[in-house]
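# Coordinate inspection notes
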Amino acid sequence: MSANIATPWTPAEPDVKTVLAHNPDPLRALADAEIPAIVLRQVYDPAQGQGLIQRFINWGLIRDANDTNSADKRMRIDIGTSLGNRGNDQEGFLRHAVYTHKLFAHLFDDFIDPVKTLYDQLAALAGDKEVKTAREPDGRLYGPAIFRNHYTSHRYPPHIDSVRLREKRTNYAVHRFEHQFAGILCFQNAAHGDHVSETILHRCLWTPEIQPHVATDTFNQYAQENQIENYRVTLAPGDLYFFNTRLIHEIPALDGTQPRIVLAVFIGYSPDDQEIFVWA
């Protein structure tokens, strides 16, 4: 899918009511890549987000970016259970998810629950489908969401995310879904002056023919040569967006004094499946 297609490629926004007024089945439009994203503005109070970030620091879950003497030099720190990072050990992944559920049960005390906020917004877009945390047939739950804390210079080159196409995790229940989406709720954006961190969504669905350009990090040259358009997602704290993770997407490196902090989920969706699974 490239810029040669005449149909305008613009996101559905800025709130659920407006999105549904223009398209009664926006998740199907996302699955078909008719739109680059669904962008919902200010669904979470930014002040609540800053309060939670301070709690993460106080509880030792992330480092304070202002602490230049910290021995912790990691460029990314997660709070949650990542299937991408832990999925090779299924039993270990599911055990770690139990810990995440226990942590999240009290991590948001005295705050608006951001995980519930994200799930509720997704459910409002999903019509009569049931949104639930991903689980195995025996009932064991995946992690419900993950906080990703990205520090200075962290970069995601052009890539896709897919348990079916990339990781081929056939032993997991989420493999059944035809499409995979991501949901990102912004808490804090990395910034350099007026320039803030952005996700770039390319109007190009992954195929095996595209993979060599992804594997060698030459996709941007390929996109330029083939006039593939893109959409840049610019978020303020409190904004949430959903996109199809089969779209080639990237986050360029950005120097800044504060980390990019988001609450992230993956979403399993099939048009003829009444369940929508959510995991991290």
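Residues numbered from 1 in each chain as written. Predicted model: local features only at pLDDT ≥ 70, side-chain atom pairs only at ≥ 80, totals over all residues. Heavy atoms only, no water.

## A closer look at the nonpolar core
Counting 44 residues, the largest nonpolar core has Ile 38 and Phe 242 as its most contacted members. In contact with Ile 38, not counting residues within four places along its chain, are Ala 12, Val 19, Pro 26, Leu 27, Leu 30, Leu 125, Leu 240, Tyr 241 and Phe 242. Core analysis: the second largest hydrophobic core is formed by 32 residues, Tyr 142, Tyr 172, Leu 235 and Ala 280 among them. (Core = buried A, V, L, I, M, F, W, Y, C linked by side-chain atoms within 4.5 Å. Buried < 20%, exposed > 50% of the residue type's maximum accessible area, 1.4 Å probe, protein only. Contact = heavy atoms within 4.5 Å.)

## Quick word on the packing of aromatic side chains
Per the stated rule, a full pass over the model turns up 14 aromatic pairs. Plain terms: the ring middles of Phe 56 and Phe 147 are 4.8 Å apart, the flat faces sit at 65° to each other, and that makes the pair edge-to-face. A residue pair is termed long-range when its members are at least 10 positions apart, and Phe 56 in helix H3 (residues 46-58) and Phe 147 in strand S4 (residues 146-150) qualify at 91 residues. Here Phe 56 falls in the buried class, since its relative accessible area comes to 0%. (Phe/Tyr/Trp six-rings, centres within 6.5 Å; stacked < 30°, edge-to-face > 60°. Helix = DSSP H or I, 4+ residues; strand = E, 2+ residues; numbered from the N terminus.)

## Overview of the side chain of Asp 161
Relative to the assigned elements, Asp 161 resides in the loop between strand S5 (156-159) and strand S6 (179-188). On the basis of relative accessible area, Asp 161 is assigned to the buried category, the value being 13%. Here the side chain of Asp 161 touches His 249 through a polar contact of 2.9 Å, side chain to side chain. Setting aside residues no more than four positions away along its own chain, Asp 161 makes contact with Arg 166, Gln 180, Thr 245, His 249 and Phe 266. (Polar contact = N/O pair within 3.5 Å; in protein donor to acceptor, adjacent residues only side chain to side chain.)

## Notes on the sheet that holds strand S12 (residues 247-251)
The strand order S5-S12-S9-S10 describes an open sheet built from four strands, whose pairing is antiparallel. Each end of this open sheet is capped by a strand with a single partner; those strands are S5 and strand S10 (230-233). Between one strand axis and the next, the sheet turns by 20° as a mean value, whatever way the strands run. Pairing analysis gives three bridges linking strand S9 (residues 199-205) to S12, with the strands arranged antiparallel. By the bridge assignment, Ile 200 is partnered in S12 with Glu 250. (Pairing = 2+ DSSP bridges. Axes fitted to C-alpha atoms, helices over the stretch in contact; angles between N-to-C directions.)

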